[in-house]
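In case you want the letters, here they are:
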Amino acid sequence: MVDGSLFSGGAVGAGMQEVLRLAIEMVEKGKNFKSVLKTKKETLDALTPLVEEMKQYARELDGATDTVASLEKEINKGKEIVEKCSKFRWWRFPSFPLYHDRIEERNKKLGRILSVNVQTQIGRDVMEVLYNVRNILDIIRDDYGGMGGRLGEEKVLRGVSGVPEKPEFTVGLEEPLKKLKVEVLKKDGDRVLLVTGLGGSGKSTLAKTLCWDDQVKGMFADNIFFQTVSKSPNLKTIVQTLFEHCGHRVPKFQTDEEAINRLGNLLRHVGDNGRPILLVLDDVWSGTDSIVEKFKFSTIPDYKIVVTSRFAFRRFHTQFHLKPLGDDDAVSLFHHFTQAKDTNSYKPDENLVHEIVRGCNGSPLALKVIGGSLCHHPYEFWQTMKERLKSNKDLDSHLQNCLDIVEDDKEKECFMDLGLFPEDQRIRVPLLNDMWTELHELDEDGVKAMNIIHSLNSKNLANLIVTRKVATDVEMYYNNHFLMQHDLLRELANHQSNQEPIEHRKRLAIDLTQNGKNCPNWLVEQNQPGIFSRMLSFLSVRGTQQQQKQEQVTARIMFVSTDETFTPDWYNMNPDETEVLILNIHSNKYTFPDFIQKMRKLKVLIVTNQGFHPCELNNFEVLGSLPCLKRISLEKVSVPSLCKLRKLRNLSLYMCTTKQAFGSSDIKISDALPNLVELNIDYCMDMVELPSDFCNIMTMKKLSITNCHKLSKLPPEIVMLKNLEVLRLSSCSDLKEMPESVGRLQQIWCLDISECISLTQLPADIGELHGLQKLYMWGCSGLNELPHSVTSFENLKHVIHVICDDEVAALWEHFKEFTSLPNLMIVKVRADINLRWLPGFH
């Protein structure tokens, strides 16, 4: 280092000082030249593969290539200088400062391109992505509510096939899979392949594994379709599901024949891509195998159907019979389900394990459920299970043993409640929370209900499915949680419930579909609906009159399934003890029966529509006469004009249309729902704006509007909700701004704006939310800055958790550089979204 102090002061003149300063600067540049050259080379080497990827994406996506080209050009110029300078020998030292400046100039220009041009391009690309996402949502909305025309005119959103998740553990299925693949991959051979075996033997697992096999996917590509048939199938609904799996608009069918004809046209259209077609029909029951015959379509080439069933149908010649697992595979599977995460749990010796495994008789379901039930339990439970397995050899008894060792009575009751729901149906967890809160006196927030669900899941008595996984749970928000139950476990739950006489049962399931074909025997006059039924009641003989004493229903829960054959005056019951009513609808229109007026103790009403188009509800006003009704949950219905529901505390709308209820109701919303505490609106595609009259409901504590992609704004009157504690607006992709008045809602402790991608700014006074504890804001890609008021958070005494992604975290960390925010905790997360549950919406 040259000492500049030698030339300071009066030793030299000012002019000489400037000359010497420049000389020193030149010397320093010369000395630093090698390190600058090395840094420049490393930068260019790192950028080169990234630019190549950008070029490829730009070509494939038809994006703007100008920015990428200018960036590539500047990198190449930099490489030329670096390559030239790398060859300099020591005698070129006088030219080092000159090339040092050239390299620095290239660095600045490259920095300008990256910071201005590329960032501008990224912004444009984000807007383009947003525009395309909205177009896709429009297609989904049209498919969801449209009628469907000719195949050539339909909008198509390909890539969704309805195949469930790949099974995580498939021990013992390697050989059956190998044999099944041989027949599936054959170009000739039988069109229908049957996989049969006892209940719980792994038939569905084998079929799912087949769909995920690399060779099978390589041959069939996107032409693999998986459809569950079940015991009481609705053919039109099955065909509609396949239309949606193919990405086509879901049509409405008048008859089964029309549905079959349209399905044949659809599959021919799908096969036009030159790939063969594989259709898996899972869980086909005796009496429903005629559906398979209707789906064969002999004129479609290269088309295979794999059927799974407990029944060995003789009409299908190529069959694969699943045998019980061998000893080694059974032990391996059992160990998989008994692995305890904590180290303090009891670990049995291998002799005890082998005795229990032998008692399961090679049944995968028995091994799974018994293994899950024993996990985390002490030695005494294992020993008791071993003794029980010795005395009971059949699978039903094995599953009963697992239920017997459940110690919590409420957990047993909840398990039996699950049996009310149709087989293979995904049950939304919020519905269960509504039910169990009132029936079993659980907490309002659903914490105890979720504890029961997790316990049933850990024991493998039910399967919990989470369609949107985030590294940290959103507070008490379970709209993405579903529960399913194996058919045999469902049968066990119903068997337990049906031990008592009908007049004493806590649960009652009534199936009125298919003209009452499956209606229970005790329900008299099942084939004599309407006025004709009432006329005959006056002519009844003594025996029928004695039967009618069973009209008195004492069940606390009633589950009623109906379809288009249902008539509202189908029966005159007296269900005056019923507290929970679940209506399972398979039709486009439904009229509430008048007997609902007699449900003076009804607390929870759940309406679920299993069809693809919103169901029109009539006679909704009958609900206004119910003095105890606290909770209403509506799924996939057209919400009618509201009536006065003075006691209602919770209203949930899922995949509903709300225009009639919110836009043209004869009664003010605040008058109809004066005591509403919680409002949940999820996936309601016509929800554009929250009616301002909701803001006059002073009792409101929780407001959740999620996945409503048309929602563009909230009313400024929201400030009137002085008691609001939780506000969720997640995944409302068109929401551009929040009212400034939100900053004055002092009771809010949880605010969720995650994945509101159009939101460009937060309310200026958001820092005035002094009660805020949780702020969810991952995926808010439109936010560029935070309001200055967030600095007020430094005065709070409690911790505020900001749950966000890296981009949003950078905004907060920028603030923390200049302001002390000791109580602010940034939690970075990444969402894992699984959309495979969406096809068919069941």
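Residues numbered from 1 in each chain as written. Predicted model: local features only at pLDDT ≥ 70, side-chain atom pairs only at ≥ 80, totals over all residues. Heavy atoms only, no water.

**As for the state of the cysteines**
Short version of the rule: We call a pair of cysteine sulfur atoms a disulfide when they lie within 2.5 Å.
Under the counting rule described, the total for this entry stands at zero disulfides. Cys-360 takes part in no disulfide bond, and the closest cysteine sulfur to it belongs to Cys-402, at a distance of 7.8 Å.

**So, the side chain of Lys-636**
Short version of the rule: For the purposes of this entry, the term helix denotes a DSSP run of H or I that reaches at least four residues, the term strand denotes a run of E that reaches at least two, and both are numbered from the N terminus. Only protein chains enter the accessibility calculation, which uses a 1.4 Å probe. A residue is then buried if its area is under 20% of the maximum for its type, exposed if over 50%, and partly exposed in between. His is not counted, nor are the chain ends, whereas Lys and Arg count as positive and Asp and Glu as negative. Put simply, a salt bridge is a Lys or Arg side-chain nitrogen that is within 4 Å of an Asp or Glu carboxyl oxygen. Pairing of N or O atoms within 3.5 Å defines a polar contact, subject to two protein rules: one partner must be a possible hydrogen donor and the other a possible acceptor, and residues neighboring in sequence count only if both atoms are side-chain atoms.
Relative to the helices and strands, Lys-636 is located in the loop between strand 16 (631-635) and strand 17 (637-638). Of the side chains bearing the opposite charge, Glu-635 lies closest to the buried Lys-636, which forms no salt bridge; the N-O distance is 5.1 Å. In this structure the side chain of Lys-636 is engaged in a polar contact, spanning 3.0 Å, whose partner is the backbone oxygen of Gly-611.

**Thoughts on the sheet that holds strand 3 (residues 277-284)**
What counts, and what does not: When DSSP finds two or more bridges between a pair of strands, those strands are recorded as paired. Only C-alpha atoms enter the line fits that serve as axes; for helices the fit covers just the stretch in contact. Angles between N-to-C directions range over 0 to 180 degrees. Note on contacts: a residue pair qualifies if any of its non-hydrogen atoms lie within 4.5 Å across the two residues.
Read across the sheet, five strands follow the order 2-3-4-1-5 without closing on themselves; strand pairing throughout is parallel. The open sheet terminates on both sides in strands that have one partner only, identified here as strand 2 (224-230) and strand 5 (318-321). Strand-to-strand, the axes of this sheet are offset by a mean angle of 20°, without reference to chain direction. Where strand 1 (residues 192-196) meets strand 5, four bridges bridge the pair, whose relative direction is parallel. Counted as the bridge partner of Leu-193 is Thr-318 from strand 5. Contacting strand 1, strand 2, strand 3 and strand 4 (303-309), helix 5 (residues 203-212) crosses the sheet at an angle of about 155° to strand 4.

**A look at helix 5**
Every α-helix winds through 3.6 residues per turn, so residues three or four apart in the chain are directed the same way. When you tally the buried positions in helix 5, you get seven out of ten residues, the bulk of the element. Of the positions making up helix 5, those classed as buried are Lys-203, Leu-206, Ala-207, Thr-209, Leu-210, Cys-211 and Trp-212. Contact partners of the buried residues in helix 5: helix 4 (174-185), strand 1, helix 6 (214-220), strand 2, strand 3 and strand 4.

**Section: the pairing of strand 9 (residues 481-484)**
Side-chain positions along a regular strand alternate between the two faces of the sheet. Alternating positions in strand 9 separate into two faces, His-481 and Leu-483 on one and Phe-482 and Met-484 on the other, with burial throughout. Judged from the two bridges that link them, strand 6 (residues 427-428) and strand 9 form a sheet pairing that is antiparallel. Within strand 9, the residue paired with Arg-428 across the bridge is Phe-482. With four bridges joining them, strand 7 (residues 463-466) and strand 9 adopt antiparallel strand pairing. Opposite Val-466, over in strand 9, you have His-481 as the bridge partner.

**Some words on the pairing of strand 16**
Most of strand 16 is tucked away: five of the five residues are buried. Burial along strand 16 is two-sided: Arg-631, Ser-633 and Glu-635 and Ile-632 and Leu-634, pointing in opposite directions, are all buried. Here strand 14 (residues 604-609) pairs with strand 16 via five bridges, running parallel. Bridging from a neighbouring strand, Ile-606 pairs with Ser-633 of strand 16. Pairing geometry for strand 16 and strand 18 (residues 650-654), over five bridges, is parallel. The residue bridging Ser-633 from the neighbouring strand is Ser-652, located in strand 18.

**Focus on the packing of helix 15 (residues 409-418) against helix 16 (residues 429-439)**
Think of two packed helices as two axes; the pair is described by the angle between the axes and how far apart they sit. Condition: Here is the rule for angles: anything less than 35 degrees is roughly parallel, anything more than 145 is roughly antiparallel, 65 through 115 is roughly perpendicular, and the remaining ranges are oblique. In this scheme the handedness of a crossing depends on how the near helix is turned from the far one: anticlockwise by less than a right angle means left-handed, clockwise means right-handed. Only Asp, Glu, Lys and Arg are considered charged, only Ala, Val, Leu, Ile, Met, Phe, Trp, Tyr, Cys and Pro nonpolar, and every remaining residue, Gly among them, polar.
Contact geometry of helix 15 with helix 16 gives a least axis separation of 12 Å together with a crossing angle of 135°. By the criterion of interaxial angle, the relationship of helix 15 to helix 16 is oblique. Handedness of the helix 15/helix 16 crossing: right-handed. Taking contact as the criterion, the partners of Cys-414, Asp-417 and Leu-418 in helix 15 are, on helix 16, Leu-432, Met-435, Trp-436 and Leu-439. Here the residues of the contact of helix 15 with helix 16 sort into six nonpolar, no polar and one charged.

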